[in-house]
Amino acid sequence: MLKVGLTGGYASGKSFVAGELQRLGCYVIHADLLGHAVLEPGGGAYRSTVEAFGSDILTAEGVIDRKKLGAIVFERPELLEKLNGFVHPAVIKLEEEMLTSFKAQSPHGIAVIEAAILIETGRDRIFDRLILTACDPETQIARGMKRDHLTREQVLARLARQLPLEEKKRHAHYVVDTSGEKQRTIPQVEAIFCDLKRLAEARA
């Protein structure tokens, strides 16, 4: 099975590109959704997170309030690193289980893992190919403000914490320009899918 990473900056169109790849026939894993799942009661990172950050982060129902947790770690890099130490291994375990299942279903298929942080953690090296979504900063800012109801300053703060786009491009096999309308993005994704399919079939 061909293993593909899909990453990109904040509000750069990763989810849309992932959706198009899924429509074309790829198996898609959304790492962010798995990150939420492992923090649910019974999830792989739930107990460690509650022990580390205390019961104040829990709702009355015993569910981790991700907004409260986020407020604690957002401005404290050392605490964010601690949280990631619980979440990332649990997410990777789920990813591996899903990849094993996909491979059993389609040994010569294409599996795509969509994640905001791949290059930063060095995980980009585990993939056969890496796709990067990219758009101009003003588009990112406008999309982030609209989607997440943030101020311009809050979006800029998020962008400032990310690896520069030019650095990310050096790691990518494909770059999808998502600056324009969705109809301009779709043909780019289709062309990448054709290349990925050719690579997957060559391994058959």
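The structure displayed is predicted, hence computed values, not measured ones.

Peer 1: Sorry, what's going on with the nonpolar core here?
Peer 2: In globular proteins that are soluble, nonpolar side chains generally tend to be buried together. Counting 29 residues, the largest nonpolar core has Phe53, Ile64, Leu69 and Val87 as the members making the most contacts within it. At the level of secondary structure, the elements contributing two or more residues to this core comprise helix 2 (31-37), helix 3 (46-53), helix 4 (66-73), helix 5 (77-105) and strand 3 (110-114). In terms of residue count, the dominant contributor to this core is helix 5 (7 residues). Among all residues touching Ile64, those that are not within four sequence positions of it are Leu39, Tyr46, Thr49, Val50, Ile57, Leu58 and Leu69.

Peer 1: What's the story with the state of the cysteines in this structure? I'm lost.
Peer 2: Here, disulfide denotes a covalent bond that connects the sulfur atoms of two cysteines. Here the structure, examined in full by the defined rule, presents 0 disulfides. Its sulfur unpaired, Cys26 is 11 Å from the next cysteine sulfur, which belongs to Cys194. Cys26 sits in the buried class, given a relative accessible area of 5%.

Peer 1: Would you explain the environment of Arg143 in this entry?
Peer 2: Along the chain, Arg143 turns up in helix 6 (residues 137-148). Taking the C-alpha atoms as reference points, Arg143 and Ala11, separated by 132 residues in sequence, lie 6.0 Å from one another. Leaving out residues up to four positions away in the same chain, Arg143 has contacts with Ala11, Ser12, Gly13, Cys135, Thr178, Ser179 and Gly180.

Peer 1: What's the story with the sheet that holds strand 4 (residues 129-134) in this structure? I'm lost.
Peer 2: By definition, the strands of a sheet pair up through backbone hydrogen bonds, in either a parallel or an antiparallel sense. Here 5 strands make up an open sheet; going across it, the order is 2-3-1-4-5 and the pairing parallel. Where the open sheet ends on each side, the last strands, each with one partner, are strand 2 (27-30) and strand 5 (174-177). Sheet twist, expressed as the average angle between the axes of neighbouring strands with direction ignored, equals 20 degrees. Bridge count between strand 2 and strand 3: 4 bridges; the pairing is parallel. By the bridge assignment, Tyr27 is partnered in strand 3 with Ala111. On the sheet, helix 1 (residues 14-24) packs against strand 1 (2-8), strand 2, strand 3, strand 4 and strand 5 and is oriented at approximately 155 degrees with respect to strand 1. In the packing of helix 9 (residues 182-202) onto the sheet, the strands contacted are strand 1, strand 3, strand 4 and strand 5, and the crossing angle to strand 5 comes to about 160 degrees.

So, how was this worked out
Residues numbered from 1 in each chain as written. Predicted model: local features only at pLDDT ≥ 70, side-chain atom pairs only at ≥ 80, totals over all residues. Heavy atoms only, no water. Core = buried A, V, L, I, M, F, W, Y, C linked by side-chain atoms within 4.5 Å. Buried < 20%, exposed > 50% of the residue type's maximum accessible area, 1.4 Å probe, protein only. Helix = DSSP H or I, 4+ residues; strand = E, 2+ residues; numbered from the N terminus. Contact = heavy atoms within 4.5 Å. Disulfide = S-S within 2.5 Å. Pairing = 2+ DSSP bridges. Axes fitted to C-alpha atoms, helices over the stretch in contact; angles between N-to-C directions.

Distances and angles like these do not, on their own, reveal function.
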